[in-house]
Amino acid sequence: MRVYKGDAIRNVAVVGHGGSGKTSLVDALAFVAGSSKRHGSVDQGNSLTDYTPDEIERQYSINLALAHAEWMDAKINLIDTPGYLDFVGDAIAGIYAADSALVVISATSGVEVGTESAWGYAEQRGLARMFFLSLMDKEHADFERVYQDIKEHLTSKVIPIEIPVGEGPDFKGIINLFSKKCHMYKSGTKTGEYEEVEIPDEYRDRFETYSQELIETIATTDDDLLERYLGGEEISRDETIAAMKAGVASGELCPLLVGSAVTTYGMRALLNKLVEMMPRPTERPAIMGETWGKAEPVEIVTSDDGEFVAQVFKTVSEPHVGDVSFFRIYSGTVTNGMTVYNAPREATEKLNHVSVAQGKDREEVPMLHAGDVGVVAKLRDTHTNDTLSTEKRPVVLPKIPFPEALTVLSVQVKNRAEEDKLSTGLQKLHEEDPTFRHEFNAELRQTLISGRGERHLEIIIGRLERKFGVHAELGRPAVAYRETFRGKAEGQGKHKKQSGGRGQYGDCWVRIAPMPRGSGYEFVDQIKGGVIPGKFVPAVNKGIKEASERGVVAGYPVVDFRIECYDGSYHNVDSSEQAFRMAGILAFKKVAKGAKPVLLEPILQVEVWTPEENLGEVMGDLSSRRGQILGSESDGRLTKVKAMVPEAEMYRYSTTLHSMTHGRGTFHWEFSSYQDAPPDVARKVGEEKEKQLAEA
Ligand SMILES: Nc1nc2c(ncn2[C@@H]2O[C@H](COP(=O)(O)OP(=O)(O)OP(=O)(O)O)[C@@H](O)[C@H]2O)c(=O)[nH]1
Ligand SMILES: [Mg+2]
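Participant: Residues and numbers for the packing of aromatic side chains, please.
Facilitator: A complete count under the given rule lists 18 aromatic pairs for this structure. Relative to Phe-326, the ring of Phe-313 lies with its centre 6.2 Å away and its plane at 70°, an arrangement referred to as edge-to-face. Note that Phe-313 is positioned in strand S14 (residues 309-318) and Phe-326 in strand S15 (residues 322-331), a separation of 13 residues in sequence. With respect to class, Phe-313 is no different from Phe-326; both count as buried. Of the aromatic side chains, those joined through ring pairs into one cluster are Phe-171, Tyr-185, Tyr-194 and Tyr-265. The ring of Trp-119 has Arg-129 lying over it, and the distance from NZ or CZ to the ring centre is 4.5 Å. The residue whose ring lies beneath Arg-511 is Tyr-566, and the NZ or CZ to ring-centre distance is 4.1 Å.

So this is what it looks like as structure tokens:
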């Protein structure tokens, strides 16, 4: 494998909606370029970049993966990303590691949720963007319709630089608007061989229309060109290409190309354009990092001359190998065996076997230049999102903004003996995938895992089994209910036992009063004249606290109340701490029932974004979850609904929202407050708790 300098590298994130053909495209590009030996297929489970068992089984991408195509003396690093929104973390990581994005859109489906999402992230990151209309050979492919769809729903900056000859099963050629030539493909060739011919007569008019649009659009990006164009001057091909390139780099123009990964039609033209028009890493604006420890901003320019700076954007753990880290070099070079520094973790790391990846295959290289993307195994202390630099100039780069978790589920091991391995496994999986989180909740006595959606968490459970031998299953997360009082009450708790020898005697009178939310528990000693000796009063408190932990309504801890202990009596011989503790427990149990106890349930503040057409259904569903709608507002594309919803009712919400809105809806939630649960809910929760206790 040749080593390429930054000028000869293109880092392209291949992004788009699930099933739009990204993985197939990456495979075809690497194959047609001759950089991959076999033309693989997602459907046959042998594609270049969907190589993990999870992906082969499901036939869609879950992880970002690397491939490359060597073409026209350049190396195009192709970062294949998953389209399903559960795995959007990897799409974002791919976009962060790249200098440009190839947005793949199915010629049969047009702009979809995943297209919008990927487009938004690529735009935010300031990447140059190009569109590829895939699946041109598929029944119902419609170039014109999808082009208009992009213009209307995504961006007015899209501009076709090619048009197809034939569509669907008739798709047989591509007209290049710059060269004014037509490539007619020879059917059945493996790498999309073609004959260059004149534009067919029946395509003349279309060609003229699109050519004119292309020239006009390009001219509007450059004042000088526009003036000459309007003055009737002919603009040369070289000039238009140069202006196009500048427009792509600045994000003002987004060329649209077409083709089919399956038949490999259009692959050569696409490779050409990726090399010609996408920016080189060395042409990208400098990024701002921070000097470690001093928090001073430092400009990182992609150049071999600078000190080494790289960022790990993906970690996968592989059987027999361990952790494999994908990194992007932002400055300096790396040689095999070089020692680098992870400043925040104060760790030096040796980069052994520096490699480039072609799908699952890795090839060792002697060095990599600034701007390239590489792979290294067995880093000891470095995880996804860490910056690697040198001790001479320790820096950190801004973190990749991985999205928050939306779905929480509980996880139980099927076999108790695997309990210990569970948290180690989950921790490793979190290091691989920062959008996945886990914690052991001591109060609920449950391990909770959270991620982007249920599909995401199911895959995590699969990995846990395959990689760490832990057999686990997902379940409903328990809810941390509380109880409190709405009224006042008072009464006695008396513990008296006479059994043979020394007896037990404790007696106290207490008053219960509610307190405001969040004030906790307060015990007030109002004993006068030593009717309960001072040394026994804390025992009363202890007993009450103990009993209040076990609840009154449904078995959950009671909060926000005050106890006044105002009277009692004792026995010279039989009284003890133990007896007064019992008296406290009895007093609480007896008095609490009269103080209007209620169950409190956690309420979440939820924001849901939905397309207007699903608004009614989304609101209806929130109401059926006992949600209280606070209002809604529209941003033109989506409507945001704000609501307060009991946490217990949000179980598996992501799946429901996904199906109601055909994947277009998103949501966000945070804990808001505890509120009184309606009596029927309290009763059910109580019965459930009783059942649990009985089982335990
Ligand atoms: N006819 C035809 N089918 C294609 C083409 N490209 C991809 N497909 C099929 O479309 C399906 C999805 O293709 P993928 O390459 O997995 O799509 P993807 O964009 O990587 O999907 P995700 O990984 O889920 O985001 C597969 O069944 C492919 O065989 C094409 O050019 N023509
Ligand atoms: Mg894929």
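Participant: With reference to specific residues and values, describe the coordination of the magnesium ion (ligand 2).
Facilitator: The reference angle at a metal is 109.5 degrees if four donors form a tetrahedron and 90 or 180 degrees if six donors form an octahedron. Thr-23 (OG1) and Ser-61 (OG) make up the full set of protein donors to the magnesium ion (ligand 2), lying at 2.0 Å. Placement of the pair is Thr-23 in helix H1 (residues 22-32) and Ser-61 in the loop between helix H2 (53-58) and strand S2 (65-71), with a sequence separation of 38 residues.

Participant: Can you explain the packing of helix H3 (residues 88-97) against helix H4 (residues 113-124)? Please cite residues and give values.
Facilitator: A pair of packed helices is characterised by two quantities: the angle between their axes and the separation of those axes. Contact geometry of H3 with H4 gives a least axis separation of 10 Å together with a crossing angle of 35°. For the crossing formed where H3 meets H4, the hand is right-handed. Packed against H3, whose contacting residues are Val-88, Ile-92 and Ile-95, the element H4 presents Ser-117, Ala-118, Tyr-121 and Ala-122 at the interface. Classifying every residue of the contact of H3 with H4 gives six nonpolar, one polar and no charged.

Participant: I'd love a proper account of the side chain of Ser-47, names of residues and values included.
Facilitator: Counting through the fold element by element, Ser-47 comes out in the loop between H1 and H2. Looking at Ser-47, the relative accessible area reads 7%, which means it is buried. The contact partners of Ser-47, leaving out residues within four places of it in the chain, are Thr-23, Asp-27, Gly-40, Ser-41 and Val-42.

Participant: Tell me about the sheet that holds strand S24 (residues 395-396), residues and numbers included.
Facilitator: Taken together, three strands build an open sheet; the order of strands is S13-S12-S24 and the sheet is antiparallel. Of all the strands in the sheet, just strand S13 (296-300) and S24 have a single pairing partner and so form its edges. Pairing between strand S12 (residues 287-291) and S13: five bridges, direction antiparallel. Counted as the bridge partner of Gly-289 is Val-298 from S13.

Participant: How would you explain the layout of surface pockets if you had to name every residue and give the values?
Facilitator: One number sums up the size of the second largest pocket: a volume of about 1,000 Å³. Forming the walls of the second largest pocket are 34 residues, and the residues nearest its centre are Leu-85, Tyr-121, Arg-452, Gly-665 and Thr-666. At the level of secondary structure, the elements contributing two or more residues to the lining of the second largest pocket comprise H4, helix H11 (454-468), helix H15 (653-660) and strand S37 (666-676). Top element by residues in the lining of the second largest pocket is H4. It accounts for seven residues. Of the residues that constitute the lining of the second largest pocket, the class distribution is 13 nonpolar, 12 polar and nine charged.

Participant: Lay out the sheet that holds strand S27 (residues 446-451) in plain terms, naming residues and giving numbers.
Facilitator: Judged by pairing direction, the sheet is antiparallel, and its four strands sit side by side in the order S26-S27-S25-S28 without closing on themselves. Where the open sheet ends on each side, the last strands, each with one partner, are strand S26 (437-441) and strand S28 (472-475). Mean inter-strand twist for the sheet, computed between neighbouring axes without regard to direction, equals 35°. As judged from the four bridges shared by strand S25 (residues 407-413) and S28, these two strands associate in the antiparallel manner. Within S28, the residue paired with Ser-410 across the bridge is Gly-475.

Participant: Talk me through the pattern of salt bridges; I want residue IDs and the actual numbers.
Facilitator: Counting across every chain of the model gives 39 salt bridges. Two residues, Asp-73 and Arg-2, come together in a salt bridge whose shortest N-O distance is 3.2 Å. Linking Asp-73 in the loop between S2 and strand S3 (74-80) with Arg-2 in the segment before strand S1 (9-16), this pair joins segments that are 71 residues apart in sequence. Given a relative accessible area of 61%, Asp-73 falls into the exposed group. Taking relative accessible area as the criterion, Arg-2 reaches 46% and is therefore assigned partly exposed. The partner of Lys-181 in a salt bridge is Glu-198, and the shortest N-O contact between them spans 3.3 Å.

Participant: Hey, could you go over the site of ligand 1 for me, with residue numbers and the actual values?
Facilitator: If you check the shell around ligand 1, you find 20 residues, and the closest are Lys-22, Ser-24, Asp-43, Ser-61 and Asp-137. The backbone of Gly-19 places a nitrogen or oxygen atom 2.8 Å from an oxygen atom of ligand 1. Between an oxygen atom of ligand 1 and a side-chain N or O atom of Lys-22, the distance comes to 2.7 Å. Burial of ligand 1 by the surrounding chains reaches 86%, relative to a free accessible area of 650 Å². In terms of residue class, the shell around ligand 1 is built from seven nonpolar, 10 polar and three charged.

Participant: Please set out a negative patch on the surface residue by residue, giving values where relevant.
Facilitator: Together, Glu-687, Glu-688, Glu-690 and Glu-695 give the surface a local cluster of negative charge. Note that Glu-688 resides in helix H16 (residues 679-695). The partly exposed category is assigned to Glu-688, whose relative accessible area is 42%.

Participant: Just give me the short version of unusual backbone geometry, but keep the residues and values in it.
Facilitator: Even without glycine at this site, His-140 takes up a positive phi of about 75°. One can find His-140 in the loop between strand S5 (128-134) and helix H5 (143-153). According to the relative accessible area criterion, His-140 is exposed, its value standing at 67%. One non-glycine residue, Arg-652, lies in the positive phi region at around 55°. Within the element layout of this structure, Arg-652 appears in the loop between strand S36 (638-646) and H15. With a relative accessible area of 31%, Arg-652 lands in the partly exposed category.

Analysis parameters
- Residues numbered from 1 in each chain as written.
- Chains lettered and ligands numbered in written order.
- Predicted model: local features only at pLDDT ≥ 70, side-chain atom pairs only at ≥ 80, totals over all residues.
- Heavy atoms only, no water.
- Phe/Tyr/Trp six-rings, centres within 6.5 Å; stacked < 30°, edge-to-face > 60°.
- Helix = DSSP H or I, 4+ residues; strand = E, 2+ residues; numbered from the N terminus.
- Buried < 20%, exposed > 50% of the residue type's maximum accessible area, 1.4 Å probe, protein only.
- Lys NZ or Arg CZ within 6 Å of the ring centre and 35° of its normal.
- Donors = N, O, S within 2.8 Å, 3.2 Å for Na, K, Ca; no water.
- Axes fitted to C-alpha atoms, helices over the stretch in contact; angles between N-to-C directions.
- Left-handed = near helix turned anticlockwise from the far one by under 90°.
- Contact = heavy atoms within 4.5 Å.
- Nonpolar A, V, L, I, M, F, W, Y, C, P; charged D, E, K, R; others polar.
- Pairing = 2+ DSSP bridges.
- 1 Å grid on protein atoms, 1.4 Å probe; cavity = no way out; pocket = protein on both sides within 12 Å on 5 of 7 lines; lining within 4 Å.
- Points joined across faces, edges and corners; volume = space filled by probe spheres on them.
- Salt bridge = Lys/Arg side-chain N within 4 Å of Asp/Glu carboxyl O.
- Near = heavy atom within 4 Å.
- Polar contact = N/O pair within 3.5 Å; in protein donor to acceptor, adjacent residues only side chain to side chain.
- Areas by Shrake-Rupley, 256 points an atom, 1.4 Å probe, with all protein chains shown as cover.
- Patch = residues over 30% accessible without salt bridge, like charges linked within 9 Å, V, L, I, M, F, W, Y side chains within 5 Å.
- Lys, Arg positive; Asp, Glu negative; His and termini not counted.
- Charge placed at Lys NZ, Arg CZ, Asp CG, Glu CD.

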